[in-house]
Structures are given as C-alpha cells and as structure tokens.
Amino acid sequence: MKKTYKIDVDCANCANEMEEAAKKTSGVKDAVVNFMALKMKVEFEEGADPGEVMGRVRENCKKVEDDCEIFL
Amino acid sequence: MSAKQKKNLIRIIVTSIIMIVLAFVEIEGKARFFCYLIPYLIIGYDILIKAFKGIKNLRAFDESLLMTIATLGAMALAIYEDGDYTEAVAVMLFYQIGEWFQSYAVGKSRKNISDLMDIRPDYANVETDEGIEKVDPDEVEVGTIILVQPGEKIPIDGVVTEGTSALNTSALTGESLPRDVKIGDEVLSGSININGVLKIRTTKEFDESTASKILDLVENASSLKSKSENFITKFARIYTPAVVFSALALAIIPSLATGDWSTWIYRALIFLVISCPCALVISIPLSFFAGLGGASREGILIKGSNYLETLSKVKTVVMDKTGTLTKGVFDVDAVHPENADEDQLLHWTAHVERYSTHPIAASLRAAYPHESDDCKVENVEEISGRGIKAIVNGDTVHVGNEKFMDEIGAAWHPCHRVGTTIHVAINGKYAGHVIIADVLKPHAKEAIDEMKKAGINRLVMLTGDSKEVAKKVSEVLGITEFYSELLPADKVEKLEEILNESDGKVAFVGDGINDAPVLSRADLGIAMGALGSDAAVEAADVVLMDDDPLKISKAVRLAKKCMRIVKQNIYFAIGVKFACLILGAIGVANMWLAIFADVGVMVLAILNSLRNLFAKV
C-alpha cells in the first residue's frame, strides 16, 4: 500500500535525511521524499498499519531533523 | 514570505546592525567578549539548540553541530589570541543568510510553479430545481449538466450541450489561440471559457478529468529522481564525513609536528564551515523542479526528473507517421477530370458517396460542400472491394477503384500522384479521378529540421501505410529512413532492432492510438495530442499536450538546457568547495572566505537553477 503525506522541511539535505530515516523505519518498504513538492510517499509493508508506522516514521525523522513535520 | 522567514530576516538585519556598530566601538577584555556574544546568540541560538539535539541523537555529522563547533572554536581561538570575535559571528550570520535565501528561493519557485499550473477548478455550477448551485467538483457525478460562465474554468471534462464560446486552452496546451466550441464538441477541464455561457454534460469524474490528471502528473514528477540527484545525495553522504575527518586530521597531525596548535585548529575549523553539503544538495532538485515546471508551461508534460535526463540524451527519434507527422485525416489532394470540369467531377462523386460511412466517403463529401442539394440520387449500390454505383439525375455514375473501372469497361489510367486514387465513370465512360491523401501537419517539415538541429542524428519513420505513401512523405520531410506496411506488432519489433543498433537513447513519438506497446518499449515514449487518451498518457513518459510535432525538438532542447544547468551546478559547487578546502588547508583562505564561498555558491547555483523556469528555447 502506498500513501502520500504532506511534509514541511527547510533544507534539501534534511529532506534526504528524512527519506533515509523513513526507509529505515520498520513497516516501511520504501519511501521517497520530494523536497520541492514537500511530499513524502511511503510504501508500507504487507499488513503494516499505516497510522502506527507513520507515528514511528515521524519520530525517526524528528531525530535527524528536529525542524521537520509530517502532516498525518 | 512566511512567518519563519520574516523572523529570520529580522534576526539577520538586527545582527548586521549590531556588528556594524561594534566595528566602530572600542571595547576591551571581557566586555568585548560579551558584546559580541549578544549578536552571536541572536543569530545562532536555533543552531545551538539543534546542535545540542544532534549530540543527544548521536548525529556526529549534523550540520548545526558542525557549524556550532566551527564558530565556538573560532570564538575560543579569539579569546586565546587577538580578541577578534567578528569572524565567528560573521560565519553564523552568513550561514543564516544562505539558509534564508535558500528557503526564500525555494518558496518562490514553488509558488511560481503552482501559479503556472493554476488550472485547478474550485467549484462547478450545477443546475438544480432551485436554480444554479455552486458545488465541489468532486461531488459532481458523470452525466450532470454543469454551467460555465464567461471567465470561469471548465471544472470537469464533458461535451457541450448548449451554447457556443471560445476557450482559452493555453494552460493545457501552451497554445495561445482560443479554440471555438459549439454544441457536441468535447471540452477539457482546465480551459477557460472566454465569452459565451456554456452548458456541459460531464463525461468524467473530477479525479479522472484532464485538469486533475495534469496536476497530479506535474506534482509527482519530481518524485521520480534522476541519476544526477541520486549522485549528489550519495556524494553528500560521503562528503560531510570525509571533510570532518580531514578536519580532525588537519587539527592534530601538523600540530603535533609543528607544535603550532592554534594555526592548524583554525584551518580545521575552516574545513568544518565548508563541510555543509546544502549548497550542493539544493540546486539539483531545484533545477529539475524548475525544468519540469518550465516544460509544462510550454505544454510539455514530463513524468519525472529521470525522464528529463533521458530526454536530454536522445539521439534517435522514431516517429509514427499517421497522427504524428500527418493529420491522420484524409483530404482530397487533387482532382483530375477528363471530359468534365473539376466541380462536376466532385459533384458526382460526392452524390454517389452520400450514404456511405467509409472515411473516404466523408472526405469526398467534405470536398463538395453543396452535397445536400436537390439532385436525385437513386439505386445506390455498394460493391465491396470495388466501389459504389448510383444513378444521379438519371446518369449512372460509378465511383471506385481500378477493378471497378475494368469491369464496366471504362478506359482509366493511373495517376502520378501518391495517395488513394478514386476513379469516376459516367454512363460507363471514364470521367477522371480524385486523389485522396493524408495531409502533412503544418509544422511537420520544420519539426524535422529542428530535431536535426537539436542534435538528433537519426530519424526514423514507421507506418502501416503503403510504401509509396511512406516514401513520398519521408522525401518531402527529409527523413532518410522509413519502414512501411507495418502492423502494430511489427512496429515493436522494428523499434527493438533500432534500440539494439543505437548507442544513444531512442525516443518513440506516437499519437497514442494503437501504439501504447511501442511507447512503453522505447527508452522514452512521447505521446502527442494525447490529452483524453488515457492509455497513451499511461504508457508515455512525456506527454505533449497538443499535437504540434515542433514540440518534440522543443522538449529535447529544454531537457538539454536543464541538464546543462544541472552539470554546471554540480561542477561549480563541488569545484568551489574543493578549492576552498585546499586554500584553507594551506592557509591562504580564512573563515570569511570559506563562508562567503559557501553561501555565494549556493546563491549562484539557485539562481542558475531558476533559469530553467523562464527558459526561452
């Protein structure tokens, strides 16, 4: 399952780091952060609960870039 | 400007003013230190906080942390040495200016693109029993009658049921001439109604309508990342740690050898200032974003940054003939009467074809506009594989091919023109022939010339049409290579052969009818005039919104320009960074130069990227 989320982040490198952090979160199969469009596209693993996984994605992203937001 | 940008701008201005004032005031000792600490904290407090969080999360290469170490280090050296705190504050100040400019430029270009793509309709006027009601276009069901006033956007694709008007389709097709519509015409959402009130019966849901699809496509295009973007991301991942470790080595090894700790620590701090990868990372996606935006303004939708990259490397263009180079509509090309005049010949022909549904019949009727006069057409007989026979005002008229003429004994002769020859006989006597041919698009020749100029070195035409027709078209256009009488499956095969032979990228251009398999097989599939044909939009990588073949060369040139800018930015940014590292290591550059270079490179790279948005090609 794929879902797209609106995000807010200030720098391009931070966006790349968010992408990395999201990819490493368990339950996420793949993630792409589009800095210019401020969107995060997440592909979830089979059977994962997007709501619960995204909570952890957000937490991990906050670790790499404090000044970011994912609008869930 | 967002609230955050405003706040940061104020911080930048306040700090600058304090620094200028301090430059003229003589303070010594501890007081001096505290005086400079104020602007440092004003401009850098958020960086310090972030740095602290970076330590907490064990992120050694956090940008804020590196900036903090560099500036605090410079402060410490200043205390120890000469009391020149300006440098540390200036580094922080310029860093923030750079960040501010980046955020402003990115915000601006985001807004530019969304203005460019201002085709999202906000509402639809639906007729109800109580009058006209404004509703969310999402809620309009297929088959609803909607009303579009002059000046309003058409919200949903549909067919005109009442009224006539001119439509401005420039946001969709890049075509500036208005398009006239009348009852029965199909209209696309996103066009603007100019002068008449239109009633439209919707044929699609809002999500499936052209405007929504285009927006979706444009917004998602930059998610498909190009090789250049992946390269720079990987580079950034190695670059920062590499520079930080070199800084560490630079601080320790020469110092142990020379004993001159403060000089080498200072040089190491310069390295930390240069270690921030943001200047590198920002300009590449911004270039692509602006490139994709600039292209969509021209009516060229590119479905991803990666396709933009492929497009710039296209060396071979394979084209379908019908619908791409020719209009795909049969027109009367020539009338050669014998024992009659042109008008008479067309008159008879049109009458005989009065009731036929064959496409050729339609073009023959169109060539004689007064077909529905009061002439008597009787005993119409369609003979398959031959033609049509009818009695027109008492005369027996045969219209058909050579075989038909042979059978009735009319003395026909072949024509020198290429196309489909329709022979006519009156009462068994040959009366001449009419040539029907597919017409070239107005810009076809120019388009081929432009493609050659844009660096396409192999042009190939594929067609299902006869060899003669293909030969003539390719000669007129100046295409040296063509393959004719191909079935759709043969086209895929032929394309595969071409793919194997080519070293550059191969693009296939088609109108999307029957050629979806070929479109997806090519390195790059370009569908033209494909709005409305979902299969083609799905299969293609680049969608040309109108059917002008000139757009092909334009797309290639736009892509090349974008890639040039991307390369300039990559070389320039990396080059300047390395130059500063070397100058810093040998002691020529100080921290001022380092931060100047860093922020300057970023500003220039961003401005360079934005050239894509206003590309005149």
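So, how was this worked out
Residues numbered from 1 in each chain as written. Chains lettered and ligands numbered in written order. Predicted model: local features only at pLDDT ≥ 70, side-chain atom pairs only at ≥ 80, totals over all residues. Contact = placed C-beta atoms within 7 Å. Helix = DSSP H or I, 4+ residues; strand = E, 2+ residues; numbered from the N terminus. Nonpolar A, V, L, I, M, F, W, Y, C, P; charged D, E, K, R; others polar. Core = buried A, V, L, I, M, F, W, Y, C linked by C-beta atoms within 7 Å. Buried ≥ 20, exposed ≤ 12 C-beta atoms within 10 Å, placed from the backbone. Pairing = 2+ DSSP bridges. Axes fitted to C-alpha atoms, helices over the stretch in contact; angles between N-to-C directions.

Contacts between chain B and chain A engage 19 residues on the former and 14 residues on the latter. Elements represented by at least two residues in the side of chain B that touches chain A include exactly helix H2 (29-56), helix H4 (86-116), helix H7 (227-258) and helix H9 (278-297) of chain B. Here the side of chain B that touches chain A is built from residues that sort into eight nonpolar, six polar and five charged.

With that settled, consider the nonpolar core. Core analysis: the biggest nonpolar cluster contains 166 residues, and A:Met18, B:Val91, B:Val273, B:Ile302, B:Leu311, B:Ile526 and B:Val542 have the highest contact counts within it. Those residues in contact with B:Val273 that lie beyond four places of it in its chain are B:Ala70, B:Val91, B:Met591, B:Ala594, B:Ile595 and B:Asp598. Counting residues in hydrophobic clusters, the runner-up holds 22 residues, among them B:Leu364, B:Val399, B:Val424 and B:Ala431.

All names here are of chain B. Taken together, the six strands give an open sheet; going across it, the order is S12-S17-S16-S15-S14-S13, and neighbouring strands pair in antiparallel fashion. The open sheet has two edge strands with one neighbour each: strand S12 (326-337) and strand S13 (377-383). Strand-to-strand twist of the sheet, defined as the mean angle between neighbouring strand axes without regard to direction, takes the value 20°. Summarising the sheet, strand S16 (residues 420-426) and strand S17 (residues 429-440) pair through seven bridges and their orientation is antiparallel. In the sheet register, Ile422 faces S17, and the bridge partner there is Val434.

All names here are of chain B. Assignment of secondary structure puts Val332 in strand S12. We classify Val332 as buried; it has 21 C-beta atoms within 10 Å. Through-space distance from the C-alpha of Val332 to that of Ala367 is 6.5 Å; in sequence the pair is 35 residues apart. Residues contacting Val332, with those up to four places away along its chain left out, are Ser363, Leu364, Ala367, Val434 and Ile436.

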